[in-house]
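# Breakdown of the fold
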Amino acid sequence: MKIGKYALDEYSRLTKSFHGSLAPGMLIGGMMVDAALDRLKTTHLFDAICETSSCLPDAIQLLTPCTIGNGWLHIVDLGRFALTLYEKDSGRGVRVFLDAGKTEKWPEVRSWYLKLKAKKEQIREALTDQILKAGLNLFGFQDVEVLPVFMTKRSKGAIAICPVCGEAYPSNHGSLCRACGGQSPYLGTGRMPSGENRE
């Protein structure tokens, strides 16, 4: 079996290196990306939308040129295990989703997907075996057209210097950077006094 251009053992090795383990979501995700690529059948550049922030974005980044860093991967966290690959110029693409109804024939997959068993109670070998046996039979497919907002080129626009912290930020965020405007993920500012360096 191949996932993308990789034999299963090579995909497993790459996944462990990039994601930390061959999680069931990475195995299913890889199969979903492979199926989407096969159905997209385009010579045009394409982008991706991922509807979850768990596992699936990493499978997309491993198997396509779409990454969070280059802006070609858009995570719209709807909590659904689904992805779309679509042409940059037309917005037309294919959506692939893990179909809950189709998991009924595969009890280990269903238990994992619907969280019917605690992780420690899951039998990883049985789950992996069912994923591989079921293959494309776990998925639903839809032809879609994305909203125009997902076809615009990402740009930071003009850059400003925050009057509070002194760091550069996109000026369209407002008169302060978002961190100084109250959206910092850190307790306190997280900044050292000017001139200090950590050893």
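Structure: see above.
Residues numbered from 1 in each chain as written. Predicted model: local features only at pLDDT ≥ 70, side-chain atom pairs only at ≥ 80, totals over all residues. Heavy atoms only, no water.

### Considering the state of the cysteines
- In this structure the tally under the stated criterion is 0 disulfides.
- The thiol sulfur of cysteine 66 is not disulfide-bonded, and the nearest other cysteine sulfur, from cysteine 50, lies at 11 Å.
- Classification of cysteine 66 as buried rests on a relative accessible area of 0%.
- Between cysteine 180, a cysteine without a disulfide, and cysteine 177, which holds the nearest cysteine sulfur, the sulfur-to-sulfur distance is 3.6 Å. (Disulfide = S-S within 2.5 Å. Buried < 20%, exposed > 50% of the residue type's maximum accessible area, 1.4 Å probe, protein only.)

### Here's the deal with the nonpolar core
- The biggest cluster of nonpolar side chains holds 36 residues, and the ones touching the most others in it are Tyr11, Ile28, Met32, Ile60, Leu83 and Phe139.
- Among the elements of the structure, helix H2 (24–40), strand E3 (46–50), helix H3 (56–63), strand E5 (82–87), strand E6 (92–98), helix H4 (107–113) and helix H5 (124–134) are those that each provide at least two residues to this core.
- The contacts of methionine 32, once residues within four sequence positions are left out, are Leu56, Phe81, Ala82, Leu83, Val96, Phe97, Leu98 and Phe139.
- One finds Ala160, Cys162, Cys165 and Cys177 within the second-largest nonpolar core, a separate group that totals 5 residues. (Core = buried A, V, L, I, M, F, W, Y, C linked by side-chain atoms within 4.5 Å. Helix = DSSP H or I, 4+ residues; strand = E, 2+ residues; numbered from the N terminus. Contact = heavy atoms within 4.5 Å.)

### Thoughts on the sheet that holds strand E4 (residues 73–75)
- Ordered in space as E4-E3-E5-E6-E7, the 5 strands form an open sheet in which the pairing is mixed. Strands with a single pairing partner mark the edges of an open sheet, and in this sheet they are E4 and strand E7 (139–145). Here the average twist between neighbouring strands, direction ignored, is 20 degrees.
- Relative to E4, E3 runs parallel, the two being bridged by 3 bridges. Residue pairing for E4: alanine 48 is matched across the bridge by leucine 73.
- The strands touched by H2 within the sheet are E3, E5, E6 and E7, with E6 carrying the most contacts at an inclination of about 150 degrees. (Pairing = 2+ DSSP bridges. Axes fitted to C-alpha atoms, helices over the stretch in contact; angles between N-to-C directions.)

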